[in-house]
Amino acid sequence: GSTLSSVLGALLERHGPRGVAWQGNAALAESAPTLGGRAHRFHVLVAEDNAINQKLIHALLSKHGYASRLVANGREAVELVRNERFDLVLMDVQMPVLDGLAATRAIRQLPGGRDLPIIAMTADALDGDRERCLAAGMDDYLPKPIMPDLLREKLVQWLKGDPPGSEAAQGEGEAVLDLPHLD
């Protein structure tokens, strides 16, 4: 098989598709699973039309303790951002129904949409593609195929903190959990 298939197979075998409920072309990552008994600290929307890429990105996010919602086109992404709170969006540039550039422009018009980090994901690595993404209102750019270390680096950069599964984040979570509740 291909290298991507091998990597995906190994990731899914090792980490499983935990928390994924398939609904048509989109998958919803359930928010109930927690890392070490603690709720997810960051919620990431993934707009990606390729099912293999959806599974791979979801597995990478889950591995590091991020909650994710998966949608297959830009229109679904805009609707979820309109109705739910996310800390970051990973947006494929080329999708059916509404592409990532148009979806980003629409999200930027929503209340709070200007402050939501949106990271482009695209296999187009030509000069000018990054600039097109930034001009549409995206904050950053991830080339495909997605490299796990680069994805993690971008998440930490834009979410301004250690991933939920890191020792620093676990220490933070424990400190917060140890505080007495004030009524």
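Residue positions are given per chain, counted from 1 along the sequence in the order it is written. With pLDDT at 70 or above as the cut-off, local features in this predicted model cover only qualifying residues; side-chain atom pairs require 80 or more to be listed or tallied, and sums for whole chains, interfaces and linings still use all residues. Side-chain figures throughout are based on the complete set of non-hydrogen atoms in the structure, without hydrogens or water.

1. Concerning helix α4 (residues 100-108)
Applied cut-off: To sort residues, take the accessible area from a 1.4 Å probe on protein chains only and compare it with the maximum for the residue type: under 20% means buried, over 50% means exposed, and anything in between is partly exposed. Where helices and strands are cited, they refer to DSSP runs of H or I of at least four residues and of E of at least two residues respectively, numbered from the N terminus. To obtain the arc, one takes the directions from the helix axis to the C-beta atoms. A contact between two residues is defined here by any heavy atoms of the two lying within 4.5 Å. Side-chain atoms alone can form a polar contact between residues adjacent in sequence; in general such a contact is a pair of N or O atoms within 3.5 Å, and within protein one must be able to donate a hydrogen while the other accepts it.
Those residues of α4 lying buried are Gly100, Leu101, Ala103, Thr104, Ile107 and Arg108. Angularly, the buried residues of α4 cover 160° about the axis, an arc narrow enough to put them on a single face. Those residues of α4 that are buried are in contact with α3 (74-83), β5 (88-92), β6 (118-122) and α5 (129-135). Its side-chain oxygen 3.0 Å from the backbone nitrogen of leucine 101, aspartate 99 forms the N-cap of α4.

2. Quick word on the pairing of β6
As a reminder of what qualifies: DSSP-based pairing: two strands are paired if at least 2 bridges between them are found. Look down the strands so they point away from you; if the path from the first strand over the helix to the second goes clockwise, the crossover is right-handed.
In terms of residue burial, β6 counts as a mostly covered element, since 5 of its 5 residues are buried. Here β6 shows two buried faces, one formed by Ile118, Ala120 and Thr122 and the other by Ile119 and Met121. Relative to β6, β5 runs parallel, the two sharing 4 bridges. Residue pairing across strands places aspartate 92 opposite methionine 121, the latter belonging to β6. Chirality of the crossover, the property in question, places the unit of β5, α4 and β6 among those that are right-handed. Bridge count between β6 and strand β7 (residues 140-143): 4 bridges; the pairing is parallel. Across the sheet, alanine 120 pairs through a bridge with tyrosine 141, a residue of β7.

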